[in-house]
Amino acid sequence: MVSEAESMARESVIVVIDGKRSKGMVEPLDWALKHVVRRKNIVIVVGILGDMGKKNATQCFPLNMRFNISGILEKLEFSISSGHAEVKPRDLGEEIERKREQFQAILQPFSKQCKRNEVKLEVKLAAGICPEEITLKEAENANTRWIVLDSHLKKYKMCIYWNVECNVAVMKGKDVATLMPSRAPKPDYSPVSSEQADAQTWPDDRSLNDQETGNQNVIEEGESSIQQTPRGPSWYPLQFRPGFPREFLFSEIEEITNGFSDIICQEENLKVYEGVLQNTPVIVKSIQDDEQFWSMLTILSRVRHRNIMNIVGYCCTATNRLLISDYPCLYSFAMKLQCDVSAINLSWRARWYTAIEIGGSLRYLHEECPDGPIVHQSVCSSNIVYSHGCSPMLSNFMTAKWYKGDVPFNGNSTGKCPNLEEDKQLYVDIHDYGLFLVELISGKVAGCFPHENECQSLVDWALPLLESSSVTQLMDPRLADKEDDLKVVHCMARAALLCLKNDSGRSISISEVLAVVRGDQRA
């Protein structure tokens, strides 16, 4: 019998799998058991079930059920959890119960191997929780050495990687994984086979064969041993490095994206790929709409601000329109707010600084661009992203417009004088900035507001509280409300009200709003 203290001291390997699919579901677990799990480790399998239908999307199922798997494994811990309310085990829906039985069946072949190596196997099913959030929570609660992600969950890899200090592996196919070595300085001796690992490891861009060279340690049971090496090149964003942005050849883009093999998302007129340039992660956007491509390129080739996600380069051929930019390694502000672990780390002062910096990027677009004002038209927490070591940056200029006439790419401006229509368009950004301030204060994301289906938007809910100065009822309950913090929250609240309800009959500039956010007495 293993004591609680011994269990806590055991190293763990977290395997996160997409529980919504059946084919290939066990590949991450199979890879982990072959290559990174050691004797007496704890393997925590986290099955992501998604929302499990609208009815169960916000339910919580905290329980601990133990049962035998054909008498092979004495006790397999099985828990099912989610977000907000609690129900009893008997209230579990048929869909969740079916998933529990499915996991029990697929884990049966692995039980002998676990028992033989004295490996403890735990299974946790998560419904209605962001994969990033549940993974970070498990890593926080366990002595985690490796996290192995299902290939279907790879879009969360960078956000998870930058919030943990263990190794991360992302499945690319059967018995093939991309390895992201721990950022911690201490060495790690992990039994990974170089034959099955992906040669294009990220971010260190070194194959396991390279890491294994010269390692002469004694190996037990035929396992190989690899020593972690210090981090390599700088992760300073490419957009701020000399020589960028620049034009790329299509062959260069093919090399960067490994032949366009890793697609992140696909929409009607847009495909987004991930890649590596100079050992730095990048994303490549393939834009089908010709007018939209040239509009974005025209704008982004001219603007330069530390709080704007700019382009690294572009490629234009007869059939392709491509824009390259830095990979937002720490993801969007919306994702941070939706993850409890990340949201708690976003203190009131950090949120206030974010408000000031994003407000500064809008002031640059509206008032400081040499060729005339630019309206972004999509300011929200989903379009504010983070890269490692950088301030928050305004991204996604798909809908951005230049409001001094069209500025052609050859640099010849056909400007016109500002007018009321222009002021009205700029106010779109100011209104959206007010909504972003509400997101910062409440911790809620506008597009995911729980009462959206009941025809109540985040603004509808927040505006009465702002008007009555009931700011404490608006504040994110996940953060403590210290007296010093209340000052900056009230500044953001006053600015939000100014943006969302302009009764003065005149246009409000972003500079005036920023003065209120800063707490300028003159404002």
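Residues numbered from 1 in each chain as written. Predicted model: local features only at pLDDT ≥ 70, side-chain atom pairs only at ≥ 80, totals over all residues. Heavy atoms only, no water.

1. A word on the side chain of Asn 307
Along the chain, the position of Asn 307 falls in the loop between helix H8 (290-300) and strand E15 (311-316). Asn 307 gets classed as buried once you look at its relative accessible area, which sits at 2%. A polar atom in the side chain of Asn 307 sits 2.9 Å from the backbone oxygen of Pro 392. If near-sequence neighbours (up to four positions away) are discounted, Asn 307 is found in contact with Glu 357, Ser 361, Ser 391, Pro 392, Met 393 and Leu 394. (Helix = DSSP H or I, 4+ residues; strand = E, 2+ residues; numbered from the N terminus. Buried < 20%, exposed > 50% of the residue type's maximum accessible area, 1.4 Å probe, protein only. Polar contact = N/O pair within 3.5 Å; in protein donor to acceptor, adjacent residues only side chain to side chain. Contact = heavy atoms within 4.5 Å.)

2. A short note on the environment of Asn 167
Turning to its location among the elements, Asn 167 is positioned in strand E7 (residues 167-173). Judged by its relative accessible area of 4%, Asn 167 is buried. Sequence-wise, Asn 167 and Leu 179 are 12 residues apart; in three dimensions their C-alpha atoms are separated by 7.5 Å.

3. Structural notes on the packing of aromatic side chains
By the definition in use, this model includes seven aromatic pairs. Ring centres of Trp 31 and Trp 146 lie 6.4 Å apart, and the angle between their planes is 70°; this geometry places the pair in the edge-to-face category. Taken together, the positions of Trp 31 in helix H2 (residues 27-35) and Trp 146 in strand E6 (residues 143-149) put the pair 115 residues apart, joining distant regions of the chain. By relative accessible area, Trp 31 is classed as buried at 1%. Connected via pairs of aromatic rings, a cluster forms that spans Phe 250, Phe 260 and Tyr 273. (Phe/Tyr/Trp six-rings, centres within 6.5 Å; stacked < 30°, edge-to-face > 60°.)

4. Focus on the sheet that holds E15
Taking strand neighbours across the sheet as the criterion, the six strands line up as E11-E15-E16-E14-E13-E12 in an open arrangement whose pairing is mixed. Strands at the two margins of the open sheet, each flanked by one partner only, are strand E11 (246-247) and strand E12 (263-266). Where strand E14 (residues 280-287) and strand E16 (residues 321-326) come together, five bridges link them in antiparallel fashion. Considered in E16, the bridge of Val 284 is made with Ile 324. Strands in contact with H8 are E14, E15 and E16; relative to E16, the strand with the most contacts, it is inclined by about 40°. (Pairing = 2+ DSSP bridges. Axes fitted to C-alpha atoms, helices over the stretch in contact; angles between N-to-C directions.)

5. Topic: the sheet that holds strand E19 (residues 384-386)
Pairing is antiparallel across the open sheet formed by three strands, whose spatial order is E17-E19-E20. Two strands close off the open sheet at either side, each with one partner strand: strand E17 (331-332) and strand E20 (393-394). Bridge count for E17 against E19 is two bridges, and the pairing is antiparallel. Residue pairing for E19: Ser 332 is matched across the bridge by Val 385.

6. Structural notes on helix H13 (residues 458-467)
If you check which residues of H13 are buried, you get Leu 458, Val 459, Ala 462, Leu 463, Leu 465 and Leu 466. With its phi angle positive at about 60°, Ser 469 sits one or two positions after the end of H13.

7. Looking at the confidence of the model for the chain
It should be kept in mind that the predicted coordinates are not to be read in detail where pLDDT is low. In this model, the chain carries a mean pLDDT of 76, and residues with pLDDT of at least 70 account for 72%. The low-confidence segment residues 53-77, where pLDDT is below 50, has 67 contacts with residues more than four positions distant or belonging to other chains. Across residues 406-418, confidence stays below pLDDT 50; counting only partners more than four residues off in sequence or on other chains, it has 22 contacts. (pLDDT = per-residue confidence, 0-100.)

8. Considering unusual backbone geometry
Residue Pro 245 is bonded to the preceding Phe 244 through a cis peptide linkage, with omega at 0°. Phi is positive for Gln 278, which is not a glycine, with a value near 50°. Its relative accessible area of 48% is what places Gln 278 among the partly exposed residues. In this structure, Ser 469 is a non-glycine residue whose phi angle is positive, near 60°. By the element assignment, Ser 469 lies in the loop between H13 and helix H14 (471-474). Since its relative accessible area comes to 55%, Ser 469 is described here as exposed.

9. Concerning the pattern of salt bridges
In this structure the tally under the stated criterion is 21 salt bridges. Notably, a salt bridge pairs Arg 363 with Glu 368, separated by 3.6 Å at the nearest N-O pair. Residue class for Arg 363 comes out partly exposed when judged on its relative accessible area of 27%. According to the relative accessible area criterion, Glu 368 is partly exposed, its value standing at 42%. Taken together, the shared-partner salt bridges in this structure form one network comprising Glu 133, Lys 137, Asp 340, Arg 351, Asp 476 and Arg 478. (Salt bridge = Lys/Arg side-chain N within 4 Å of Asp/Glu carboxyl O.)

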